[in-house]
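Close look at the chain arrangement
Spelled out from the first residue to the last, the chains are:
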Amino acid sequence: MSFDFHSQLVDNYKKLKYSLLEAQTFSPQHYGFPPIYYKIMETDAVRVGAFQKAFEQYDFTDKVVCEAGVGTLALTQHFLDKVEKAYLIENNPDLRAFIEQKIKEKGWEDKVVLLFGDAMQIELPEKVDYIVGELMSIYCGNEYQVQIFKHLRQFLKPGGKLLPERIVNVGQLAYAQFDKYKHYPVNFTRHLPEQLSLQTEINTIDLYTEETLRIEKQIDLLPNMSGKVNALYMHSFVQVAEGCNFTGTDSLMPPTICKLEQEVSVKQGTPVTLHVDYTYGTDLDSAKFWIT
Ligand SMILES: C[S@@+](CC[C@H](N)C(=O)[O-])C[C@H]1O[C@@H](n2cnc3c(N)ncnc32)[C@H](O)[C@@H]1O
């Protein structure tokens with residue numbers, strides 16, 4: 001049986017090269033994500049597990065929590081039993097009936113305040129102990145994680161915690177095939193790019209303090225291989241809480257290939273400069289990376 005499935009997968013590898021990108025693409029037309037992406041997120045025990053570990057590490061008992069972008073409550077259901085009160089924010093109207101029904105079924109109505117709207121504008125009536133929000137995309141390039149936490153952190157009690165709290169974006173020089181999109185996540189290892197340098201830190205986001213939305217910098221890199229470079233191979237490492245880490249899977253921040261402005265040739269051991277210019281919560285298609 002499993003051999004049959006694998007055989008079908010092998011036959012479809014090529015067709016599936018961009019299916020993850022297409023499932024994850026945030027679109028105002030469908031108010032966010034299509035149902036398949038919620039299914040990918042809900043079934044990802046690695047992603048959900050990193051948050052569960054953090055919920056257990058902190059004490060959520062009788063606390064007041066705000067969660068932004070609750071989706072289908074994949075994370076919420078792991079802390080809601082314990083807390084005293086929860087402000088749950090979501091702006092995808094297609095999810096409203098599902099969320100209301102689930103809260104009713106579980107008997108959470110008395111402790112939940114459901115806020116349908118944009119988490120970047122919502123005002124909370126009190127300060128909270130924890131702010132949870134998984135609105136991440138690779139490098140925080142597409143979604144509004146940074147903007148949302150920048151707005152909501154004014155409602156955090158002194159000593160309160162953000163989950164997640166820190167994101168380290170790293171990159172490698174790479175050479176990839178581009179035939180359709182300027183950037184795409186790696187869906188299967190056969191779609192990995194050729195990698196010509198080790199991972200280098202591009203920038204680190206401290207969600208308690210981040211103010212700047214546009215990242216403009218130059219980074220020196222040492223190629224470990226000689227060859228042509230036309231891409232940045234991107235990973236984002238997430239610290240949900242100290243010791244509770246998540247380093248990207250198909251459901252969240254999958255390793256992603258992004259086209260450079262120009263193809264260049266590099267030589268092993270000869271340093272190059274990577275220029276970075278991108279803005280959180282825009283679109284990786286408008287991000288600019290180039291080598292001199
Ligand atoms: C990546 S999904 C995560 C869903 C859920 N937290 C989970 O982990 O399974 C992000 C969710 O945030 C919602 N969202 C995105 N931008 C938002 C905003 N500005 N205000 C409120 N919700 C938002 C989306 O509709 C989506 O349901």
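Parameters at a glance
- Residues numbered from 1 in each chain as written.
- Predicted model: local features only at pLDDT ≥ 70, side-chain atom pairs only at ≥ 80, totals over all residues.
- Heavy atoms only, no water.
- Helix = DSSP H or I, 4+ residues; strand = E, 2+ residues; numbered from the N terminus.
- Rg over C-alpha atoms; globule rule 2.2 N^0.38 Å.
- Buried < 20%, exposed > 50% of the residue type's maximum accessible area, 1.4 Å probe, protein only.
- Contact = heavy atoms within 4.5 Å.
- Areas by Shrake-Rupley, 256 points an atom, 1.4 Å probe, with all protein chains shown as cover.
- Lys, Arg positive; Asp, Glu negative; His and termini not counted.
- Charge placed at Lys NZ, Arg CZ, Asp CG, Glu CD.
- Phe/Tyr/Trp six-rings, centres within 6.5 Å; stacked < 30°, edge-to-face > 60°.
- Salt bridge = Lys/Arg side-chain N within 4 Å of Asp/Glu carboxyl O.
- Arc of directions from axis to C-beta.
- Expected span 1.5 Å × (residues − 1).
- Polar contact = N/O pair within 3.5 Å; in protein donor to acceptor, adjacent residues only side chain to side chain.
- Near = heavy atom within 4 Å.
- Pairing = 2+ DSSP bridges.
- Axes fitted to C-alpha atoms, helices over the stretch in contact; angles between N-to-C directions.
- Domains from an automatic or database assignment.
- Buried area = accessible area lost by both parts, 1.4 Å probe.
- Nonpolar A, V, L, I, M, F, W, Y, C, P; charged D, E, K, R; others polar.

**Section: the overall build of the chain**
On a plain count of helices and strands, the chain comes out with 6 helices and 15 strands. In terms of overall size, the chain behaves like a compact globule, its C-alpha atoms giving a radius of gyration of 20 Å where 292 residues would be expected to give roughly 19 Å. Counting only C-alpha atoms, the chain reaches 65 × 50 × 35 Å along its principal axes. Across the 292 residues that make up the chain, the buried fraction comes to 52%. Summarising the internal contacts of the chain: among those between residues at least 6 apart in sequence, 76% fall at separations of at least 24. Summed over all atoms, the accessible surface of the chain reaches about 14000 Å², with 50% contributed by carbon and sulfur. Both charge centroids of the chain, one from 29 positive and one from 39 negative side chains, sit 3 Å from each other.

**Focus: the packing of aromatic side chains**
According to the stated counting rule, one finds 14 aromatic pairs in the structure shown. Between Y58 and Y130 the ring centres are 5.5 Å apart and the planes differ by 25°, which places this aromatic pair in the stacked class. With Y58 in the loop between α4 (45-57) and β1 (64-68) and Y130 in strand β4 (residues 128-133), this residue pair connects regions lying 72 residues apart in the sequence. As far as the burial class goes, Y58 and Y130 line up, both buried.

**Regarding the pattern of salt bridges**
Enumeration according to the criterion identifies 11 salt bridges in this entry. The salt bridge involving E261 is made with K182; its shortest N-O contact spans 3.8 Å. Taken together, the positions of E261 in strand β13 (residues 256-266) and K182 in the loop between β6 (166-175) and β7 (183-185) put the pair 79 residues apart, joining distant regions of the chain. Taking the relative accessible area as the measure of exposure, E261 reaches 38% and is therefore partly exposed.

**Brief notes about helix α3 (residues 35-42)**
When α3 is considered as a whole, its buried residues turn out to be Y37, Y38, I40 and M41. All buried residues of α3 project into a common sector of 160° when viewed along the axis, lining one side. Exposed and facing more than 90 degrees away from the buried side of α3 are P35 and K39. Those residues of α3 that are buried lie in contact with α2 (19-24), α4 and β2 (85-90).

**As for α4**
With 13 residues, α4 ought to run about 18 Å at 1.5 Å a step, and its terminal C-alpha atoms sit 17 Å apart, in line with that. Regarding α4, its N-cap is D44, as a side-chain oxygen of that residue lies 3.0 Å from the backbone nitrogen of V46 further along.

**Re the site of the ligand**
With respect to spatial proximity, 21 residues lie near the ligand, and among them Y38, R47, G69, E90 and A119 are the closest. Residue G69 places a main-chain N or O atom 2.7 Å away from a nitrogen atom belonging to the ligand. In this structure, a nitrogen atom belonging to the ligand sits 3.2 Å away from a side-chain N or O atom of N91. Coverage of the ligand by the protein chains reaches 99% of its 600 Å² of free accessible surface.

**Some remarks on the sheet that holds strand β10 (residues 214-221)**
With antiparallel pairing, the 3 strands of this open sheet are ordered in space as β10-β14-β15. With partners counted over all chains shown, the strands left at the sheet margins are β10 and β15 (288-291), one partner each. With direction set aside, neighbouring strand axes in the sheet form an average angle of 10°. One ladder, built from 4 bridges, connects strand β14 (residues 272-279) with β15; its direction is antiparallel. The residue bridging D277 from the neighbouring strand is K288, located in β15.

**Considerations on the domain arrangement of the chain**
Taken domain by domain, the chain consists of domain 1 (19-163) and domain 2 (166-291). Each of domain 1 and domain 2 was reduced to a C-alpha centroid, and the two centroids are 26 Å apart. Contacts between the two partners involve 38 residues from domain 1 and, on the opposite side, 45 residues from domain 2. Counting the surface lost from both domain 1 and domain 2, the interface buries some 3500 Å², and carbon and sulfur atoms represent 64% of this. The interface formed by domain 1 and domain 2 includes 3 salt bridges. Note that R153 and E211 form a salt bridge whose closest N and O atoms lie 3.1 Å from each other. Among the elements that line the side of domain 1 that touches domain 2, the one with the most residues is α4, at 7 residues. Residue classes in the side of domain 1 that touches domain 2 are distributed as 20 nonpolar, 9 polar and 9 charged.

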